[in-house]
Amino acid sequence: MKTLIALLVTLFIASAEIHQFQIGYRPNLRQLLQAQGKLAEYEKERNEVLSKKGVQLAQSSSPIIDYEDMAYMVPISLGTPPQNFVLFIDSGSSNLWVPDVTCAGGKDATCGSYCKSTPYDACLTFCQEECCTKSVKVSAKADACQSKHRFNSSLSSSYVSDGQKFDMTYNTGEVKGFFGVDTFCFTNTSVCVNGQQFGQATTIGEAFGKQPEDGIIGLGWPALAVNQQTPPMFNLLNQGKLDLPYFVVYLAEIGPTSQINGGAFTVGGLDTTNCDANVDWVPLTSRTFWQFKLSGVSSGSYTQTPSSGWQAAADTAASFIGAPKSVVTSLAKVIGATYVPLTGAFFIDCDAVTPDIVFTINGKTYNMPSSSFVVSAGPGPCMFAFYELSAGGFYPSWMLGPPFMRAFCHVHDMQNGRLGLANIK
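Residues numbered from 1 in each chain as written. Predicted model: local features only at pLDDT ≥ 70, side-chain atom pairs only at ≥ 80, totals over all residues. Heavy atoms only, no water.

Chemist: Would you mind going over the sheet that holds strand 18 (residues 338–340) with me for this structure?
Modeler: On the basis of which strands lie adjacent, the open sheet formed by four strands has the order 18-19-23-22 and antiparallel pairing. This sheet does not close on itself; its edge strands, each paired only once, are strand 18 and strand 22 (374–375). As paired strands, strand 22 and strand 23 (residues 382–384) are joined by two bridges and run antiparallel to one another. Bridging across to strand 23, V375 finds its partner in M383. The sheet strands contacting helix 8 (residues 325–335) are strand 19 (345–348) and strand 23, and the helix crosses strand 23 at an angle near 135°. (Pairing = 2+ DSSP bridges. Helix = DSSP H or I, 4+ residues; strand = E, 2+ residues; numbered from the N terminus. Contact = heavy atoms within 4.5 Å. Axes fitted to C-alpha atoms, helices over the stretch in contact; angles between N-to-C directions.)

Next comes the structure, spelled out in structure tokens:
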């Protein structure tokens, strides 16, 4: 984990109040399991768990997202002196949380199941060093907190107790704990927030142990947050720390193997290194998610343009693109992808020649090439980076995840309520 933090902060540019640093990447859990030939077994177990807690999920007021689908991360620190963490970036939620020292009883010498099953070299990148020895023995029921960095408030001179409790529900399990207040920074930078409220998780679901990252930093709007927590990006804006009210996500194309460089995260201005200067601004339809109207989608002979369009959200957390079932099925047919029920995923020949998928947004068309939506998952066929999204009520019909973000830079305007799309250089 120490190696990962160092690599993520290697790229750092500061000009006035514009800062840029590297986004980390590794294949999401489903891609890793597919490469190991374990996806079908995992999907069966997962569906059994979800069916048992379906009522709980339906009644939850928390945003329900899939932690296991996340793949992009940034290093942050909390406290004085700083305690370092690696967190998934999630523009589909708005809370910041990390495991508390009381999670897993404060034991530091034990390791989660992910570290146990990961090759030694990869383990050194993602897990605590003591977890990466061949002699490590871990129970299959090991506490999910045990492989993660945990925040210790007694070691921070700037920590203030909050007292509020929180309970957030994910498809992979619950996260419970309490809120605290302390200094937040992006690791080894001057991009810092004073008095940032954040969640200190005392309990996290067992499935969280399958991912080595410590927690989540939400990039959504404050209205989406549990307990009205103000997200760090909006606190940076409120505290006058930004030159412009923007943060920009640039995601690099991913290769056939795991890699650490996932792109760049720019705070306080535009990304002039990776993104074109011309930005198409799209008005938001809701200041919860980064949500807007998607007017149509097409590919090859298939076109769908409903009269009222769809509501769509840009989402760094959903590694694939979520869309209505009928649309996904039709696109897969045109592209030549096949659904494999045992895995819950679509597959396609990695060398297949496919048409672009074209989105119509705010009167303009945006072409997404196959290099963005045909994703390697180890030996064998590639994965078609779409999944069926059953949205209802509060949630948008589409989650335009990283496949679309790899085709266009996303500029998030926190002051004017708009999303900018720019070509990648």
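So that's the structure; there's more coming.
Chemist: I'm lost on the confidence of the model for the protein chain in this one. Help?
Modeler: The predicted coordinates should not be examined in detail at positions where pLDDT is low. On average, residues of the protein chain score 82 in pLDDT, and 74% of them are at 70 or above. Low pLDDT (under 50) marks residues 106–110, which in the prediction has eight contacts with non-local residues, meaning those over four places away or in another chain. Across residues 135–141, confidence stays below pLDDT 50; counting only partners more than four residues off in sequence or on other chains, it has eight contacts. (pLDDT = per-residue confidence, 0-100.)

Chemist: Can you help me understand the UniProt feature "active site" (unreviewed entry) in the protein chain in this one?
Modeler: UniProt tags D90 and D315 as "active site" (unreviewed entry). The greatest C-alpha distance among the annotated residues, which extend across 226 residues, is 6.6 Å, indicating that they converge on a single site. Relative to the helices and strands, D90 is located in strand 4 (residues 83–90). Counting through the fold element by element, D315 comes out in the loop between strand 16 (310–314) and strand 17 (321–323). D315 gets classed as buried once you look at its relative accessible area, which sits at 4%. Apart from residues no more than four positions distant in its own chain, D315 is found in contact with D90, S91, G92, M399, L400, G401, P402 and M405. Looking at D315, its side chain comes within polar contact range of the main-chain nitrogen of G92, at 3.3 Å. (UniProt positions renumbered as here; feature names shortened; annotations may be inferred. Buried < 20%, exposed > 50% of the residue type's maximum accessible area, 1.4 Å probe, protein only. Polar contact = N/O pair within 3.5 Å; in protein donor to acceptor, adjacent residues only side chain to side chain.)

Chemist: What should I look at first to understand the state of the cysteines in this one?
Modeler: Two cysteines, two sulfur atoms, one covalent bond between them: this is a disulfide. For the structure on display, the rule yields four disulfides. With its sulfur 1.6 Å from that of its partner, C103 forms a disulfide with C145. Taken as a pair, C103 in the loop between strand 5 (96–99) and helix 5 (113–117) and C145 in the loop between helix 6 (120–126) and strand 6 (160–170) lie far apart in primary sequence, 42 residues in all. Across the pair, exposure class does not vary: C103 and C145 are buried alike. For C185, the disulfide goes to C192, at an S-S distance of 2.0 Å. Its S-S torsion of about 110° marks the bond between C185 and C192 as right-handed, since a negative value means left-handed. The pair formed by C185 and C192 is uniform in burial state, with each residue classed as buried. (Disulfide = S-S within 2.5 Å.)

Chemist: Is there a simple way to think about the packing of aromatic side chains in this case?
Modeler: Aromatic ring pairs: the centre-centre distance and the angle between the two ring planes describe each pair. This structure, assessed with the given rule, holds 23 aromatic pairs. With a centroid separation of 5.0 Å and 45° between ring planes, the pair formed by Y25 and Y72 is classed as tilted. Placement of Y25 in strand 2 (residues 18–25) and of Y72 in strand 3 (residues 72–78) is noted, with a sequence separation of 47 residues between them. Overall, the relative accessible area of 2% leaves Y72 in the buried class. Note on F186 and F265: the rings are 5.8 Å apart at their centroids and 40° apart in plane angle, and the pair reads as tilted. Placement of F186 in strand 7 (residues 173–186) and of F265 in strand 11 (residues 261–267) is noted, with a sequence separation of 79 residues between them. Members of the aromatic cluster, joined through ring pairs, are F21, F184, F186, W221, F234, F247, F265 and W290. Over the aromatic face of W281 sits the side chain of R418, whose NZ or CZ is 3.8 Å from the ring centroid. (Phe/Tyr/Trp six-rings, centres within 6.5 Å; stacked < 30°, edge-to-face > 60°. Lys NZ or Arg CZ within 6 Å of the ring centre and 35° of its normal.)

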